[in-house]
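An overview of the molecular structure
The lines below spell out each chain.
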Amino acid sequence: MTTTTRRLAAIGALVAGVLAAMPANAQQFTLKLSSPTINDATHEFYKTLKTGIEQRAPGKIKVEIYPANQLGQLPAVVEGVALGTIEAGSAANGFWISLEPRFQVLDAPGLFDDIPHGYKMLNDPAIRARLATWGADKGVEILAPSLYSPLMLLSHKAVRTVADIQGQKIRTQGGAPIQVDPLKKLGAIPVSLPLGEALPAMQNRTIDGMVAAAAPFVAFKYYDIAKPMTYMPATLFAAPVVVNRQFLKSLGPELEAIVRAEARKAEAVFLDWNVNDIKDKEEVWKKNGGEVITMAPPEAKKYVDLVTPVAASILSANPKVKDDYEALLAAAKKYRQ
C-alpha cells in the first residue's frame, strides 16, 4: 500500500467515524410519499407537508413525492410501508385493513354525514388518540386519516335506485367484508381490484362499475369509458396516509416532532381545499359529458337502511373494532349537534 493510499484510507476511516458519531438530527433522511392518485387532495397534502418539513428542517429531511402508483400498485405499497422500504403511503382504506382490522371502521356507511362532519370527528382529541394506536403492533401509524371524498359509483348503466345496483359486477376498494358484504346485500357482485387495475377492467367490461372518488375518475379520464357517476348515500371514501413507525423513531425526537406537527397542519387540505376540489372535479366530469347522480331521498334511506345493519354486524365481531365503532358513533352524534 502506497503512502497516498494509506492516507486516503485513514481519511476515509476518520470521515466514517465522524459521520457515525453525528447526532441523528444532523443526518439527511429521505421521506418517500406514495399515492395512487395525482392532482388531488392527497397530492396537495403531500406538497404542503413537503414545504413545511423542508422549511423547518432544511438539509435534514428530504421529502420525495411519488404520485400515480410510481412506487407500485397498492398491495405492494402497503407492504412497503409495513416493511419500511416506503416511508409513508396513501391507499384506499380497504387495503390497510389487511394490516390492521381497526381501519375498517372508517368505511362504515352512515357514520359520516359529509367531509366537514367527518373532519370534526376525526380531529376530536379522544378519537385522535384512539386512531394513533391503530397498526402499532404492525409497525405503522396513521399520519393523516384523510377522509378523501364521498364514495362514488361509476357504472356503465346509470344507478338511480337501489334496485339498479342488483346484478352489477362492481370493483371495491379492498376485499374486506366491510367493503364487500354491504354490496352483496344490495345484490351486487363485488370484485376487489387496486385502482391501477380498475381502468382496463372498466374498458373491457370485465366489471360493470367501480366505487372510488371523483378525483381519480377525472384525473384518469374515466369519462371516456363511462358517464354515470352516483353518490353512494351517507358513505365517505377514506384514504389514510400511513407512516412506518420505525422511520419516525429513527428521526430522533426533534425531527419526529416536526414531521408530526407539519402533517397535522397540512391536514387542513382535506377540509375546504378538498371540498372545493370535489366540486371542481364534478364540473370537469359534467363538461366531458358525464352525469353526477344523487339518489332521491326515499332511495337513499332504503340504501342506508339495508347496508348499515350489515356494517354494524361486521364491526361488532372484533371487540376492539366494536369499541372503535361505538366511539366514532358517539363522536358522530356529538358533532351533529
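A quick note: this is a predicted structure, and the numbers were derived from the prediction, not measured. (Residues numbered from 1 in each chain as written. Predicted model: local features only at pLDDT ≥ 70, side-chain atom pairs only at ≥ 80, totals over all residues. Heavy atoms only, no water.)

As a further point, take helix H8 (residues 195-203). Inspection of H8 places Leu-195, Ala-198, Ala-201 and Met-202 among the buried residues, and these make up the whole buried set. Projected onto a plane normal to the axis of H8, the buried residues spread over an arc of 105° and lie on a single side. Those residues of H8 that are buried lie in contact with helix H3 (74-83), strand E5 (147-155), strand E6 (169-172), strand E8 (209-212) and helix H9 (214-219). (Buried < 20%, exposed > 50% of the residue type's maximum accessible area, 1.4 Å probe, protein only. Helix = DSSP H or I, 4+ residues; strand = E, 2+ residues; numbered from the N terminus. Arc of directions from axis to C-beta. Contact = heavy atoms within 4.5 Å.)

Geometrically, a packed helix pair is captured by the angle between its two axes and the distance between the axes. Put simply, helix H2 (residues 41-56) and helix H11 (residues 253-266) touch, their axes get as near as 9 Å, and they point 140° apart. Between H2 and H11, the angle is such that the two are oblique. For the pair H2 and H11, the crossing hand works out as right-handed. Counted together, Phe-45, Thr-48, Leu-49, Gly-52, Ile-53 and Arg-56 of H2 and Ile-258, Val-259, Ala-261, Glu-262, Ala-263 and Ala-266 of H11 form the full contact between these two elements. (Axes fitted to C-alpha atoms, helices over the stretch in contact; angles between N-to-C directions. Parallel < 35°, antiparallel > 145°, perpendicular 65-115°, else oblique. Left-handed = near helix turned anticlockwise from the far one by under 90°.)

Close contact between helix H7 (residues 177-185) and helix H13 (residues 297-315) brings their axes to 9 Å; oriented N to C, the two are set at 145°. Relative to H13, H7 is oriented so that their crossing is right-handed. Residue-level contacts link Pro-177, Ile-178, Asp-181, Pro-182 and Lys-185 of H7 to Leu-306, Val-307, Val-310, Ala-311, Ile-314 and Leu-315 of H13.

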